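# Structural features, examined
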Amino acid sequence: MFRRSAISILLLALAATLPSYARTRPHFGGILRIETADDPWQGADAIARKFVFDGLTALDANGAVRPALAASWQSDNAGHRWQFRLRNGVRFHDGTPLTAASALQSLTASCGSNCPWSAVRVVGSSIIFTSDSPLPDLPDLLASDLFLISQPRSAISGSPAQPVGTGFFQVSQSSGNTVVLTANDSCWQGRPFLDQITITFHRTIRDQWLDLTLGRADIVEVPAEQRKQAEQQHLTVITSKPVSVLALQLSDSGTLASPNLRSAIAYAVDRSAVYNVIYQKQGQIAASLVPNTVSGYGFLFPVDRDVNKANQARGGLNTSTISLSAAGDGLMQLTAQRLALNLREAGFNVRIDAPGSAKYSDIMLRTLPVAGSEASGVLGRLLLAAGQQPAVSGQDPQFSFRSEQDILNQHLIIPLIDLPRAYAISGRVHNVTLRADGTPELADVSVEPTP
Amino acid sequence: MSLRQRLLLLFSLTVATAVAVVAWTVLVRIRHVFEQRDQEETALFVSQFQREFQHRSQEVVADVNRLGASERARSIALQLAQSGDPSPFLTEAQSMAADARLDFLEIVGPDGNIVSSAQSPARFGYPEPAVNYQAREAFLKREELPDGSVVLGLFAVHPISGAISVRLIGGERLDQRLLADLAIAPGMQIGLYSDAGAPVSSTSGIAALQQNSLANAAFDANRLQGATGALPAAPHYQELIMTALKNGQQTTGIIDTTGRREDSLNATALPLKDPQGNVMTVLTVAIARGGMIEAQQHIRAIAYGVAGGGILLAIILSLWITARVSRPIEQLAQAAEEVAGGNWDVHVPEKGRGEMTVLARSFNHMTQQLTTQRESLVQSERVAAWRELARRLAHELKNPLFPLQITVENLVRSRNLSASEFDEVFRESTSTLSTEIANLKKIIARFSDFSKMPKPELERVDVRDVIERVRALYSTVAAEAKIEFATDVPQSKLPINADPELLHRALSNLVLNAMDAMPDGGKLGISARRKDNRIELRVSDTGKGLTPEECERLFTPYYTTKQFGTGLGLAIVQSVVADHAGTIAVESPKEGGAMFIITLPEAES
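What counts and what doesn't
- Residues numbered from 1 in each chain as written.
- Chains lettered and ligands numbered in written order.
- Predicted model: local features only at pLDDT ≥ 70, side-chain atom pairs only at ≥ 80, totals over all residues.
- Heavy atoms only, no water.
- Pairing = 2+ DSSP bridges.
- Helix = DSSP H or I, 4+ residues; strand = E, 2+ residues; numbered from the N terminus.
- Axes fitted to C-alpha atoms, helices over the stretch in contact; angles between N-to-C directions.
- Parallel < 35°, antiparallel > 145°, perpendicular 65-115°, else oblique.
- Contact = heavy atoms within 4.5 Å.
- Buried < 20%, exposed > 50% of the residue type's maximum accessible area, 1.4 Å probe, protein only.
- Arc of directions from axis to C-beta.
- Salt bridge = Lys/Arg side-chain N within 4 Å of Asp/Glu carboxyl O.
- Disulfide = S-S within 2.5 Å.
- 1 Å grid on protein atoms, 1.4 Å probe; cavity = no way out; pocket = protein on both sides within 12 Å on 5 of 7 lines; lining within 4 Å.
- Points joined across faces, edges and corners; volume = space filled by probe spheres on them.
- Nonpolar A, V, L, I, M, F, W, Y, C, P; charged D, E, K, R; others polar.
- Buried area = accessible area lost by both parts, 1.4 Å probe.
- pLDDT = per-residue confidence, 0-100.
- Polar contact = N/O pair within 3.5 Å; in protein donor to acceptor, adjacent residues only side chain to side chain.

Reading across the sheet, the 6 strands line up as β16-β20-β15-β19-β17-β18 (chain A) and stay open at both edges, with mixed pairing between neighbours. Bordering the open sheet on either side are β16 (284-285) and β18 (350-352) of chain A, each of which pairs with just one other strand.

Residues and elements named next belong to chain A. In the contact formed by helix α7 (residues 259-268) and helix α10 (residues 307-314), the axes pass within 8 Å of each other and the chain directions differ by 170°. The orientation of α7 relative to α10 falls into the category roughly antiparallel. In this structure, α7 uses Asn260, Leu261, Ser263, Ala264, Tyr267 and Ala268 to contact α10, whose residues at the interface are Val307, Lys309, Ala310, Ala313 and Arg314.

Residues and elements named next belong to chain B. The topology assignment puts Ser508 in helix α11 (residues 500-517). According to the relative accessible area criterion, Ser508 is buried, its value standing at 5%. The spatial distance from the C-alpha of Ser508 to the C-alpha of Val466 is 10.0 Å, given a sequence separation of 42 residues. Look past the residues within four positions of Ser508 in its chain and what remains in contact with it is Val470 and Tyr474.

Moving on, we get to helix α5 (residues 205-213) of chain A. Residue and element names in this part refer to chain A. Taken together, the buried positions of α5 are occupied by Ile205, Gln208, Trp209, Asp211 and Leu212. Projected down its long axis, α5 carries its buried residues within an arc of 160°, all on one side. Across α5 from its buried face, at more than 90 degrees, point the exposed residues Arg206 and Thr213. Check the buried side of α5 and you find it contacts β1 (31-35), β13 (219-222), α6 (227-232) and β21 (422-425). Looking one or two residues beyond α5, the residue adopting positive phi is Gly215, at roughly 80°.

Further remarks concern the pattern of salt bridges. All names here are of chain B. Enumeration over the complete set of coordinates arrives at 34 salt bridges over all chains. Note that Arg123 and Glu143 form a salt bridge whose closest N and O atoms lie 3.3 Å from each other. With Arg123 in the loop between β2 (114-117) and β3 (139-144) and Glu143 in strand β3, this pair connects stretches of sequence that are 20 residues apart. Of the residues examined, Arg123 reaches a relative accessible area of 7% and is grouped as buried. Taking the relative accessible area as the measure of exposure, Glu143 reaches 1% and is therefore buried. Note that Glu350 is salt-bridged to Arg361, the shortest N-O span being 3.7 Å. A residue pair is termed long-range when its members are at least 10 positions apart, and Glu350 in the loop between α7 (290-340) and α8 (355-413) and Arg361 in helix α8 qualify at 11 residues. Its relative accessible area of 36% is what places Glu350 among the partly exposed residues. Sharing partners across several salt bridges, the network here consists of Glu106, Arg123, Glu128, Lys141 and Glu143.

Residue and element names in this part refer to chain A. Examined bridge by bridge, strand β7 (residues 119-123) and strand β8 (residues 126-130) share 5 bridges and lie antiparallel to one another. Across the sheet, residue Val123 finds its bridge partner in β8, namely Ser126. Connecting β7 to the next strand, β8, in antiparallel fashion are 2 residues, including Gly124 with a positive phi near 65°.

We now examine the sheet that holds strand β8 (residues 229-230) of chain B. Residue and element names in this part refer to chain B. Strand order across the open sheet formed by 6 strands is β8-β7-β6-β11-β10-β9, with antiparallel pairing between neighbours. In this open sheet, the two strands that pair with only one neighbour each are β8 and β9 (251-255). Two elements, strand β6 (residues 188-193) and strand β11 (residues 279-288), share 6 bridges in a ladder whose sense is antiparallel. For Leu192, the partnering residue across the bridge sits in β11 and is Leu283. Relative to β9, helix α6 (residues 238-247) is tilted by about 165°, and along the sheet it contacts β6, β7 (224-226), β9, β10 (265-273) and β11.

Another point: the state of the cysteines. All names here are of chain A. Under the counting rule described, the total for this entry stands at 1 disulfide over all chains. Each sulfur of the disulfide joining Cys111 and Cys115 lies 1.7 Å from the other. Taking the torsion about the sulfur-sulfur bond, which here is approximately 85°, the covalent link between Cys111 and Cys115 counts as right-handed. Across this residue pair, the class does not change: Cys111 and Cys115 are buried.

With that settled, the discussion passes to unusual backbone geometry. Residues and elements named next belong to chain A. Backbone geometry places His202, a non-glycine residue, at a positive phi of 60°. Relative to the assigned elements, His202 resides in the loop between β12 (196-200) and α5. Positive phi is not limited to glycine here, since Asn431 has a value of about 60°. Residue placement: Asn431 occurs in the loop between β22 (429-430) and β23 (433-434).

The next subject is empty space enclosed by the protein. For the coordinates displayed, the defined rule picks out 2 cavities of 30 Å³ or more. Reported here for the second largest cavity is a volume of approximately 40 Å³. Around the second largest cavity, the lining residues are Gln337(A), Leu341(A), Arg344(A), Ser120(B), Arg123(B), Glu144(B), Leu145(B) and Pro146(B). Take the lining of the second largest cavity: its biggest share by element is 3 residues, from helix α11 (residues 330-345) of chain A. Here the lining of the second largest cavity is composed, by residue class, of 3 nonpolar, 2 polar and 3 charged.

Each partner contributes to the interface: chain A provides 18 residues, whereas chain B provides 18 residues. For the chain A and chain B pair, buried surface summed over both sides reaches about 1,600 Å², with 59% attributable to carbon and sulfur atoms. Across the chain A-chain B interface, the total number found is 2 salt bridges. The partner of Asp85(B) in a salt bridge is Lys281(A), with the nearest N and O atoms 3.0 Å apart.

Turning our eyes to something else, we now look at the confidence of the model for chain B. Taken residue by residue, chain B gives an average pLDDT of 83. The fraction at 70 or more is 93%. Reported for the predicted complex are a pTM of 0.64 and an ipTM of 0.78.

Another point: α10(A). All names here are of chain A. Listed as buried for α10 are Ala310, Ala313 and Arg314. Seen along its axis, α10 keeps its buried residues to an arc of 100°; they face one direction. More than 90 degrees from the buried face of α10, the exposed residues found are Asn308 and Gln312. Looking at the buried residues of α10, the elements they touch are α7. Residue Asp306 occupies the N-cap position of α10, its side-chain oxygen lying 3.2 Å from the main-chain nitrogen of Asn308. In the stretch just after α10, Gly315 is the one whose phi turns positive, near 70°.

Shown next as structure tokens:
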């Protein structure tokens, strides 16, 4: 009796656990619906690029550099020469094999004349980079979104030409505000669980959240300053570590050619007001380029505003009007307006250029990537994104600190706030994690069937 | 100027003056009426504007009060009081303003700093001085927008119910759209002058926004906006607006827009101020003066027409009047001139029965009387002259005749004497007879000379030469008579057209007279000088002088003051001078001496 009862109880318990196991185990198939505010192919949040393309190297979840299309690499001559060996058997979505020549063509097209290296050539299945100055962080730089490898345009057949890469997903449809990606069955990393990803873009945050609530979307964006509101609305939010820095990028010519004026601007900005009110205390106030969580020395750079020092640095000069623009949405515009008030208080004449109205501004408010685990690599990718030549730093923290200090003392980039990236996900999506750059990692994601 | 011209001028002036006075009075009256109408229309519009302004003020106050009493505002105030953290309310003002349809709304915390701003969200944390305004009415305030420009608004402050320390400042934008809602009279131009849209300068600073920056800034015509856009001729409002900004009072003036009077405007500038008295904007009301100018020009044209007609009428009238009045006067004047010229045989027509006729009759009677009297006088003078001549002849002839008579009687009585005695008597008697007969001849010759004065033969003569000739002739004789002979002539020539012999004779007569007047010696002077276009000769002596009666009759023929004079010397002198178109006069002061002054025309060069 006891045995029969025990067996019955065991069977019942097993039966009770079966559905739960079925819900958590990944399932192949299904469509993931993502909504974004920005174009998925452009800007820092170009998530479609990250799903379609791979780089020679990539950052793992912790921000460390790992091999991607390049299976291995080695440097010679104190970092002046790098040899990256391509992974064998990798094919583009259209079936053409990835060759060193096509990779080289993609890399050259991505950076044009501003590439960090001096020369690049192909030797067999290897790509060899050489430079006049040492590039100790080249593997880190190549993990940047800038250097994602795509099939050269001239090699793409069909019309209209769709972006062709080697990633988990390939573009199957692109019309209007929607991009449809389908799973790459022959991906060198293996097939993803999902069959399809539908990315709908140019959606306001309110609409995204509404669609998520109504079950019309699976992953939507949560701006940093609205994370509390999302939580108040009981959305499931996943947040990355700081992956970008909100910064002012200053021109070194024209009105701001004087380093003293740029220094005055650095003293005049009120980071705490922007952080506390506009960004609702999300992220971290920053006066360093590399987040303190990565470098460990970020706290050494003062973050406080000092109008007196700003006035001293300005030296009582009445400058001509300084133009300020913000590359971004309303929040960036609001931040720009606040900073303009700060600068006017410090004696500057500031004009805010409307979005898209000016090709050139003396000051540009923008976000720069700071993902990574090594200070030198983060700094290199940040400078690359800012259009500057990466500094020679290496792995030594002291060198990184001095490099960053030298860069900051030029006041061409004034960091303000390190910002995380956050997404709200629906309950039918499983195994969503965030990459080091804050974008969703969809390789292992599975979805429950739509009810 | 003739009487006719005077009458014409008088009539024309009278008519023109009368017309000008009437036209000026009408013009002034018209201008007064139009200005009064413009003032009334301006006052009416200003009143309408103030009512609309007041209405909007009340709306703003009501909206802000309503928001201040809302549950949402109270909730915000409560959370602010509890947490002290303004950051969650960054966008609250925007949504509340949108719900209340307010252009401006700010939530101001207990510390006076902005918690949330609808119009400038980035201004959180900055102080808002207007929160201290205690007035329950709306007020004007400048507001800075995110793009750095300035706008003008009508604001009201109200504390949130239950949390007095938290206040709402809300308002509506005040710009030319307010003007669009107002009824505007035809020909009226209205505008608002403000610094709305102007960028905020960092040198003036945000704090300077509420100060009197409008009055301190230079005039900018683009800041004057009408109901539908830029106001025409805005630059011409500069003086009016700057005056209103300077004194802060309503100012009225005339604006000349194109240089043509009919395009000018009668404008009023009304400054609107904030609670501190700073001028925030200036309302301009301008009414075209074209109607008034056209009326004035019409009246002026009529006045010109009337004046022209009046002057024409005056000409006709003056011609008629002169035909009736001035012609007899002119005839009378002409007759009088002829009488003055020596022609007394004139006659003025006697027409009508008026005063001019009486005057003409009297004139004719007078000329007739004068003619009669002149003829009588001529006859009397002729008789008197003959009597004088007979008396003089008798006197002159009596003196030689008496010795002749005695000599003849002695000669008759001497017939009884011895031959030697008779011879001696005969010889003496014949001698005396010859002498007296010669004397008679001389007397007769003088009379003959006077009657036969030769006609002068004129030639160009230098008066200085004539004087020198006389001086050379008589200086020796004068010296013997202890008379100092002095001449005074200029260096330059004194040319005259004269007969040198006659002139020498006349001047010699005067010199001899002067020497006769100084039997005991004295000083004789001859001088000559140029005076105007004539030559003046003076012959003076230091004798006993002449009485006024003697001076008056001195040039009468046969009048003499000398014991043995014929009285013809000075008459001859006067005759010579008159034949040379000159004049002669004599002066004799009481203290003695006499001076003869001859004036002769200077010869043309």
